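Topology and contacts: notes
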Amino acid sequence: MKRFSRISVHPFAAAGLFLLFFASPPSYTFAVLSSVILHEAGHTVMAGFFAKKPLSVRIMPTGISILLPPASSYTQELLIAAAGPLMNLLYALLCGFLPYGVGGTVRGVSLLLAALNLIPIAPLDGGKMLSALISPFFGTEISTRISEFFSLLLLAALWILSLYIFFYSGVNFTLLLFCAYLFSYLVLKKF
C-alpha cells in the first residue's frame, strides 16, 4: 500500500482562501473551515476502518480533495462516500452547543455542504454513492455511463437554477461558479 505522499494547493485556491479569511465574517469563516475539515475527516476515518490511508491532500477552490486508494468493494466505496455528508449532518445537530451567532451559521453551512455533496453528480459524494449502488447490478462500465448521464442531466438542471438565482439576485454567483467547476471537471475527465 502506498503511503501518504504530499499536500498541494490548487493555484485558484488562494483567491478563495483570501475571500474566506479577509472578506467574510469570522463566524462564516469558522463555519466553512470547520464543516469542510470535518467532512473530509469523515471520509478519512471511514477509509481508515478499511485500512485505506490518504495518498495526497489537495486544497482546491471548492474545498479539500483527499485522494484515497481504491475501495476493495462497492460497499466500502458507498460507506466512505457517505461518511462525509453524514459527518456534516452530525455536526449540524451538535452545533447547538456553539455560541448563539456561530451555531446558526455553522448549522446552515454544514447542512448546505451535506446537501451539495449528496447530489448524484460524478465528482461529488452522491455520484460516488450512485455508482457504488448500481455497479453490482450493471457492472462498472455501464454504471459509469449511467452515472455520467445522470451527472450531466443534473448538472444541466443545476446550471439552469444557478442562472435563475444569479439573474434574480444579481449578486449571488457562487452556485454558477460551482456548476462551472463541476462541468469543467466532467469535460476534462473525458480527455
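The notes below deal with the structure included here.

1. Description of helix α6 (residues 140-169)
- End to end, α6 covers 41 Å across 30 residues, agreeing with the expected 44 Å (1.5 Å per residue, within 8%).
- What α6 keeps buried is the set Ser 143, Ser 147, Glu 148, Ser 151, Leu 155, Leu 158 and Ser 162.

2. Some thoughts on the packing of helix α2 (residues 26-49) against helix α3 (residues 74-94)
- Packing of α2 against α3 leaves a shortest axis separation of 7 Å and a crossing angle of 140°. Classified by chirality, the crossing of α3 by α2 is right-handed. Side by side, α2 and α3 meet where Phe 30, Ser 34, Ser 35, Leu 38, His 39, Gly 42, His 43, Met 46 and Ala 47 of the first sit next to Leu 79, Ile 80, Ala 81, Ala 83, Gly 84, Pro 85, Met 87, Asn 88 and Tyr 91 of the second.

3. Here's the deal with the pattern of salt bridges
- All chains considered together, the criterion is met by one salt bridge.
- Note that Arg 145 and Glu 141 form a salt bridge whose closest N and O atoms lie 3.3 Å from each other. With Arg 145 and Glu 141 both in helix α6 and four residues apart, the pair spans about one turn of that helix. Taken as a pair, Arg 145 and Glu 141 share a single burial class, namely exposed.

4. With respect to the sheet that holds strand β2 (residues 56-60)
- Across the sheet, which stays open at both edges, the three strands sit in the order β1-β2-β3 with mixed pairing between neighbours. The sheet is open, and its two borders are formed by β1 (6-9) and β3 (63-67), each paired with just one other strand. With direction set aside, neighbouring strand axes in the sheet form an average angle of 15°.
- With four bridges connecting them, β1 and β2 associate as parallel partners. Paired with Ser 8 across the bridge in β2 is Arg 58.

Procedures and definitions
Residues numbered from 1 in each chain as written. Predicted model: local features only at pLDDT ≥ 70, side-chain atom pairs only at ≥ 80, totals over all residues. Heavy atoms only, no water. Helix = DSSP H or I, 4+ residues; strand = E, 2+ residues; numbered from the N terminus. Expected span 1.5 Å × (residues − 1). Buried < 20%, exposed > 50% of the residue type's maximum accessible area, 1.4 Å probe, protein only. Axes fitted to C-alpha atoms, helices over the stretch in contact; angles between N-to-C directions. Left-handed = near helix turned anticlockwise from the far one by under 90°. Contact = heavy atoms within 4.5 Å. Salt bridge = Lys/Arg side-chain N within 4 Å of Asp/Glu carboxyl O. Pairing = 2+ DSSP bridges.

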